[in-house]
Amino acid sequence: LAAEAEAVHLLGRGGAGFPVGTKLAATPTGRRTEIVVNGSEGEPASFKDRTLMRLAPHLVLDGARTVAGALGTRRVRIVVHDATAYDALALARDERGDADLFSLVRTDHGFVGGEVRAVNRHLGGGPAVPPGRRVLPHVSGVGGNPTFASNVETYAQIGLLASLGPTGYAVGGAPEEPGTSLVTVFGDVPHAGVLEVPSGLPLASLLGPGSGPVLIGGYHGRWTDDAAIAGLPLSRPRMRAAGIPLNAGVLVRLPEDTCPLGEVARVTRWLAAESAGQCGPCHFGLPALAEAMGAVMSGTPGAVDRALRLTGLLPGRGACAHPDGSAAFVASALATLTGEV
């Protein structure tokens, strides 16, 4: 299974875009190994995971069963926040002959609580916050056991790969990333909603010819403009190389009647409120950043410089990636929205 995932360059769909084959190959096999299907979808701008779980739950379960069989374990836990998605998965599980393989867990732990290490910690009986030590789940995950944990769409893609084989899976998409991806597209766009699109499709064709600023990746994403995405395809390797990662698969073009800086300030306040409060960059840094963005909105002298200074201090110092993603969101906004500033 790892070799087949590597053959089609399958990347995780949860935001980090880590190679699935590499993660599989690194995970120990055996009955102690845990399988975690992360369907918490704490990203407020994303609806792709809950849509997938509601409309194609069997595909998610097929992928989880495939991974469990490959790793020689029957410890599969599916973590879900959305009530409708939970019901759809429960119904699908009860229709299957392998129903006893799956354990459904309903959670509501917010944005940071949906981070994979926070999910694993909660499943092991601890609080739903990321641990301070950055130990990879395949080394120590749920209850200290080796754990293969990934996003629900990743498991659906594994289910497709197991069904179609590498050749069938790679019929569509870009050479560097075959297949399709689910994206949430909204705002001033030609077609809003959750779309399944082949990799390699131009981002401009999804966002349309509007003039408003563009947000790629969601609340931990990057602000950009049409010049930066001209000719850029929906391809995780290509987008990452361009400094505009797809992250949670969110594509937004703000309408002209929306104040972009007002949206940035509002989201920054929300991100600060979502802090787990267990490390300095989150507990002190994010509220200070939200305050600085409020001062930018008020036209306070020196506020832009203060906000930019904070975005340079936050990354790499927290217990999780929340400060990093929040800083990137604000820094890219200030760099892109120069006319608004």
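As the structure is a prediction and not an experimental result, all values here were calculated from the model.

Participant: Looking at this structure, I do not really get the overall build of the chain. What am I missing?
Facilitator: Within the chain, the regular secondary structure consists of 15 helices and 11 strands. Over its C-alpha trace the chain gives a radius of gyration of 20 Å, about what one expects of a compact globule, namely 20 Å for 341 residues. Sorting the 341 residues of the chain into buried and exposed places 52% on the buried side. As displayed, the chain offers around 13900 Å² of accessible surface, 55% of which is attributable to carbon and sulfur atoms. Here the chain contributes 28 positive and 30 negative side-chain charges, whose respective centroids are spaced 9 Å apart.

Participant: I would appreciate a short explanation of the state of the cysteines in the present structure.
Facilitator: Two cysteines whose sulfur atoms are joined by a covalent bond form what is called a disulfide. In the structure shown here, the tally under the stated rule is 0 disulfides. You can see cysteine 279 has no disulfide; the closest cysteine sulfur is in cysteine 282, sitting 4.7 Å from it. Overall, cysteine 279 belongs to the buried group, its relative accessible area being 15%. Looking at cysteine 320, it has no disulfide partner, and the nearest cysteine sulfur is the one in cysteine 282, 5.4 Å off.

Participant: Before we go on, may I ask you to explain the packing of helix α13 (residues 280-297) against helix α15 (residues 322-336) in this structure?
Facilitator: Two quantities define a packed helix pair, namely the angle between the helix axes and the distance between the axes. Contact pair α13 / α15: the axes reach a minimum separation of 10 Å and the direction vectors enclose 15°. Compared by their axis directions, α13 and α15 come out roughly parallel. Between α13 and α15 lies a crossing whose hand is left-handed. Between α13 and α15, the contacting residues are Pro281, Cys282, Leu286, Leu289 and Met293 on the first element and His322, Pro323, Ser326, Ala327, Val330 and Leu334 on the second.

Participant: Please clarify how the packing of aromatic side chains should be interpreted in this entry.
Facilitator: The relative placement of two aromatic rings is captured by the distance of their centres and the angle of their planes. Tallying each qualifying case throughout the model produces 5 aromatic pairs. An angle of 80° between the planes, with centres 5.4 Å apart, marks the rings of tyrosine 219 and tryptophan 270 as edge-to-face. Residue tyrosine 219 is located in the loop between β9 (214-216) and β10 (222-224), and its partner tryptophan 270 is located in helix α12 (residues 260-273); the two are separated by 51 residues in the primary sequence. Of the aromatic side chains, those joined through ring pairs into one cluster are Phe111, Tyr219, Trp223, Trp270 and Phe329. Taking the ring centre of phenylalanine 148 as reference, the NZ or CZ of lysine 23 above it sits at 5.5 Å.

Participant: What should I look at first to understand empty space enclosed by the protein in this one?
Facilitator: Rolled over the atoms, a probe with the dimensions of a water molecule shows which regions are left empty. The final tally for this structure, using the stated rule, is 2 cavities of 30 Å³ or more. Each pocket or cavity is described by its volume, and for the largest cavity that value is around 40 Å³. When its residues are assigned to classes, the lining of the largest cavity shows 7 nonpolar, 3 polar and no charged. Taken as a whole, the second largest cavity encloses approximately 30 Å³ of empty space. Along the walls of the second largest cavity sit Gly39, Ser40, Glu41, Arg50, Met53, His81 and Asp82, which together make up its complete lining. Partitioning the lining of the second largest cavity into residue classes produces 1 nonpolar, 3 polar and 3 charged.

Participant: In this structure, what is going on with the nonpolar core? I would like to understand it.
Facilitator: One broad rule of soluble globular proteins: the nonpolar side chains tend to lie buried together. Of all hydrophobic cores here, the largest spans 36 residues; its most connected members are Trp223, Val264, Met293 and Phe329. Those elements giving two or more residues to this core turn out to be β11 (250-253), α12, α13, α14 (303-313) and α15. For this core, the element with the highest residue contribution is α13, accounting for 9 residues. Among all residues touching methionine 293, those that are not within four sequence positions of it are Leu261, Val264, Ala265, Thr268, Ala307, Val330 and Leu334. In terms of nonpolar packing, the next biggest core, distinct from the first, is built from 33 residues, Leu24, Leu104, Phe148 and Ile158 among them.

Participant: Is there a simple way to think about the sheet that holds strand β2 (residues 76-80) in this case?
Facilitator: Backbone-to-backbone hydrogen bonds pair the strands of a sheet. The strands run either parallel or antiparallel. Spatially, the 4 strands line up as an open sheet ordered β3-β2-β1-β4, and their pairing is parallel. A strand with exactly one partner marks an edge of an open sheet, and here the two such strands are β3 (102-106) and β4 (147-151). Mean inter-strand twist for the sheet, computed between neighbouring axes without regard to direction, equals 20°. Pairing analysis gives 5 bridges linking β2 to β3, with the strands arranged parallel. By the bridge assignment for β3, arginine 77 is matched with serine 103.

Participant: Looking at this model, I keep getting lost on the layout of surface pockets. Mind explaining?
Facilitator: Put simply, the largest pocket is a space of about 1500 Å³. What lines the largest pocket is a set of 46 residues, among which Gly14, Gly15, Ala16, Glu115 and Val116 lie closest to the centre. A class-by-class count of the residues in the lining of the largest pocket yields 15 nonpolar, 20 polar and 11 charged.

Participant: What's the story with helix α7 (residues 116-123) in this structure? I'm lost.
Facilitator: Helical geometry: 3.6 residues make up each α-helical turn, so side chains three or four residues apart lie on a common side. When α7 is considered as a whole, its buried residues turn out to be Arg117, Ala118, Val119, Asn120 and Leu123. Buried residues in α7 make contact with β1 (34-39), β2, β3, α6 (110-113) and β4. Two or three places before arginine 117, at the start of α7, stands the capping residue glutamate 115, its side-chain oxygen 3.0 Å from that residue's backbone nitrogen. Once α7 ends, the next one or two residues include glycine 125, with phi positive near 100°.

Reading the values: rules and limits
Residues numbered from 1 in each chain as written. Predicted model: local features only at pLDDT ≥ 70, side-chain atom pairs only at ≥ 80, totals over all residues. Heavy atoms only, no water. Helix = DSSP H or I, 4+ residues; strand = E, 2+ residues; numbered from the N terminus. Rg over C-alpha atoms; globule rule 2.2 N^0.38 Å. Buried < 20%, exposed > 50% of the residue type's maximum accessible area, 1.4 Å probe, protein only. Areas by Shrake-Rupley, 256 points an atom, 1.4 Å probe, with all protein chains shown as cover. Lys, Arg positive; Asp, Glu negative; His and termini not counted. Charge placed at Lys NZ, Arg CZ, Asp CG, Glu CD. Disulfide = S-S within 2.5 Å. Axes fitted to C-alpha atoms, helices over the stretch in contact; angles between N-to-C directions. Parallel < 35°, antiparallel > 145°, perpendicular 65-115°, else oblique. Left-handed = near helix turned anticlockwise from the far one by under 90°. Contact = heavy atoms within 4.5 Å. Phe/Tyr/Trp six-rings, centres within 6.5 Å; stacked < 30°, edge-to-face > 60°. Lys NZ or Arg CZ within 6 Å of the ring centre and 35° of its normal. 1 Å grid on protein atoms, 1.4 Å probe; cavity = no way out; pocket = protein on both sides within 12 Å on 5 of 7 lines; lining within 4 Å. Points joined across faces, edges and corners; volume = space filled by probe spheres on them. Nonpolar A, V, L, I, M, F, W, Y, C, P; charged D, E, K, R; others polar. Core = buried A, V, L, I, M, F, W, Y, C linked by side-chain atoms within 4.5 Å. Pairing = 2+ DSSP bridges. Polar contact = N/O pair within 3.5 Å; in protein donor to acceptor, adjacent residues only side chain to side chain.

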